[in-house]
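Single-letter residue listing:
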Amino acid sequence: MKAPAAPTLPATDQKDRIKHLPAEARAAFQRFQATCDPVALDPVILAILEDFIPRPPARPLAELPGDTRLIDDLSFDSLAIAEVVFFTEDLFGISISNEEIVRVRSLADLRGFIHAKVAAGPAR
Amino acid sequence: MPFLPVITGLGFITSIGHDRATVGHNLRELRHGFAPVEFLGNPNLPVKVAGTVKGFDFPSPNWRDWRWPDNFSVDRELLRGLAPHGVYAVCALQQALAEAGLDAAQLGDGGTGLFCASAGSPFMLGHFLAQLQETRGERGNPMGIVSSIAGTLNFNLAAHYKISGAVCGFVSACASSSHALGYAMDEIRLGRQSRMLVIGAEDMTAESIVSFSSLRALSNNPDPATASRPFDSQRDGFVGTGGAVALVVEEAGLARHRGARIQAELIGWGQAGDGHSVAASHPAGAGLREAMRRTLADARVNAAAVGYVNAHATSTPAGDRSEALALKAVFTDQGARPRVSSTKALTGHGLSLAGAMEAAFCTLAIDEAFIPGAAHLTDPDPACAGLDLPRTSLEEAPGLVLNNSSGFGGSNVCHLLRRPA
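What counts and how
Residues numbered from 1 in each chain as written. Chains lettered and ligands numbered in written order. Predicted model: local features only at pLDDT ≥ 70, side-chain atom pairs only at ≥ 80, totals over all residues. Contact = placed C-beta atoms within 7 Å. Nonpolar A, V, L, I, M, F, W, Y, C, P; charged D, E, K, R; others polar. pLDDT = per-residue confidence, 0-100. Helix = DSSP H or I, 4+ residues; strand = E, 2+ residues; numbered from the N terminus. Domains from an automatic or database assignment.

In this complex, chain A contributes 10 residues to the contact, which on the side of chain B involves nine residues. For the side of chain A that touches chain B, the per-class residue count stands at seven nonpolar, one polar and two charged.

This part is about the confidence of the model for chain B. Residue and element names in this part refer to chain B. Looking at chain B as a whole, the pLDDT averages 97, with 100% of positions reaching at least 70. Averaged over each element, pLDDT in chain B is lowest for helix H2 (residues 76-79) (94) and highest for strand S7 (residues 243-251) (99). With pTM at 0.94, the complex prediction returns an ipTM value of 0.81.

The next subject is the environment of isoleucine 101 of chain A. Residue and element names in this part refer to chain A. Considering the arrangement of structural elements, one finds isoleucine 101 in helix H5 (residues 98-101). Remark: the alpha-carbon pair of isoleucine 101 and phenylalanine 32, spanning 69 residues in sequence, is separated by 23 Å. Beyond its immediate sequence surroundings of up to four residues, isoleucine 101 is in contact with Ile81, Val85 and Ile96.

In this section: the domain arrangement of chain B. Residues and elements named next belong to chain B. Annotation of chain B at the domain level lists domain 1 (5-257) and domain 2 (265-418). Distance between the C-alpha centres of domain 1 and domain 2: 21 Å. Sorting the residues of the side of domain 1 that touches domain 2 by element identifies strand S1 (5-13), helix H1 (20-29), strand S3 (49-51), helix H6 (176-189), strand S6 (195-202) and S7 as the ones contributing at least two each. Per element, the largest residue contribution to the side of domain 1 that touches domain 2 is eight residues, and it comes from H6. Along the lines of polarity and charge, the residues of the side of domain 1 that touches domain 2 split into 32 nonpolar, 25 polar and six charged.

Shown next as structure tokens:
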């Protein structure tokens with residue numbers, strides 16, 4: 001099934017949208033916007049996860065191995081994942097279907113998935 | 001009665017204080033919780049005063065922007081599904097559990113139930129629906145429903161505290177949390193539960209309060225010292241407030257067994273409809289009169305045994321008059337003369353919160369042996385002739401205490417409380 005297109009949102013929303021993220025993540029997002037360098041995405045993805053995680057983890061997500069599971073190890077539930085999906089879609093101008101997201105189980109899965117999506121999609 | 005419900009814990013987030021000592025002091029000293037407000041950034045609105053909830057700030061629907069006093073903690077996992085009044089409720093419940101000597105881990109025992117009351121959050125619902133409209137249904141906060149509709153309190157708190165007993169929300173407008181308390185009493189009296197948590201709460205936002213301006217129900221008096229004056233001939237409407245109050249209600253035997261301090265016994269309740277109007281109270285207070293009589297009958301006491309009535313009176317011209325007439329029919333005409341006051345003169349009208357808040361005030365009056373005075377009353381409405389409306393608080397044990405509530409559609413609910421034997 002083809003995923004519906006992400007709604008068009010004003011670009012001026014972007015700065016407001018990430019105002020709750022740490023300064024390093026906001027700077028990384030700006031770097032990504034300027035250079036389209038996928039490496040700059042990683043701190044942004046982790047900051048988004050830390051912003052929506054229901055129970056703050058004992059260690060920063062950046063220190064955890066890539067096979068750390070979102071639901072089983074990190075307290076994510078379907079609602080929190082839906083929040084991450086919506087936020088990520090709007091921030092990067094991509095569209096993520098339910099079928100795609102259920103295949104994402106670990107931190108590494110998510111990182112790879114968003115890299116691929118952003119590379120293919122109309123990143124703003 | 002084999003099972004007697006008793007109150008063992010109270011928690012307050014109100015316009016007149018966020019702890020038992022402050023609330024009790026302000027009730028005794030008749031210190032109100034009102035402050036000037038400018039709703040919706042509109043200086044032209046005639047409503048200038050509200051019962052503000054100090055130390056809390058909800059500048060946007062995003063929980064990341066919310067603030068509350070440092071002495072309370074709200075888990076992030078819980079916060080994401082809450083409305084502003086859910087934050088108040090968590091803070092009130094923490095106090096009530098501490099006072100009752102209960103640990104949150106004990107609440108999942110199956111013997112504990114949870115009854116809540118709020119109108120939901122018009123503030124959260126408005127933002128949620130605006131986003132849905134703006135994106136033509138393609139976006140919506142996944143927590144939008146559970147944080148906004150009526151039931152948000154019981155959805156969130158039952159899950160968070162792992163309540164496996166009875167869980168329900170009650171919706172009868174300004175009688176809602178009185179219904180919650182009444183039915184909680186029944187759960188215990190029927191032996192279905194040994195402990196009930198009862199919570200009433202409301203947002204303190206323009207969306208919750210200014211909406212009543214359309215009904216011409218709010219006071220336009222800009223003076224915080226006189227805007228809310230129940231039973232006064234100059235009253236011109238109610239002053240809105242929000243907050244939360246939590247009560248721990250337990251079966252008396254359980255409370256005694258675990259050494260909990262019993263603050264008051266809940267010995268009766270009753271309800272009756274006006275069968276009259278969707279918004280206005282019955283002109284003679286017919287439903288409230290019957291609800292009071294049913295409450296006295298439920299407790300098997302006569303009117304003369306009641307020492308204090310915490311009236312529903314919100315400071316509206318029609319509602320206060322109806323209640324005064326109902327009180328005269330139940331008490332004055334039977335030769336009884338309890339003290340009467342409406343503490344909404346100090347707090348404002350908390351809508352769904354009101355009944356639980358005032359039941360908690362009645363508990364304080366019983367436990368600390370005082371009667372809150374009828375604040376801001378200078379020229380009583382002639383309809384009050386024969387009622388004993390003390391102008392100052394009285395340092396005297398009130399005897400039996402009656403708590404009155406009335407809501408839209410003519411729902412009237414009363415509780416009767418007694419000092420523990």
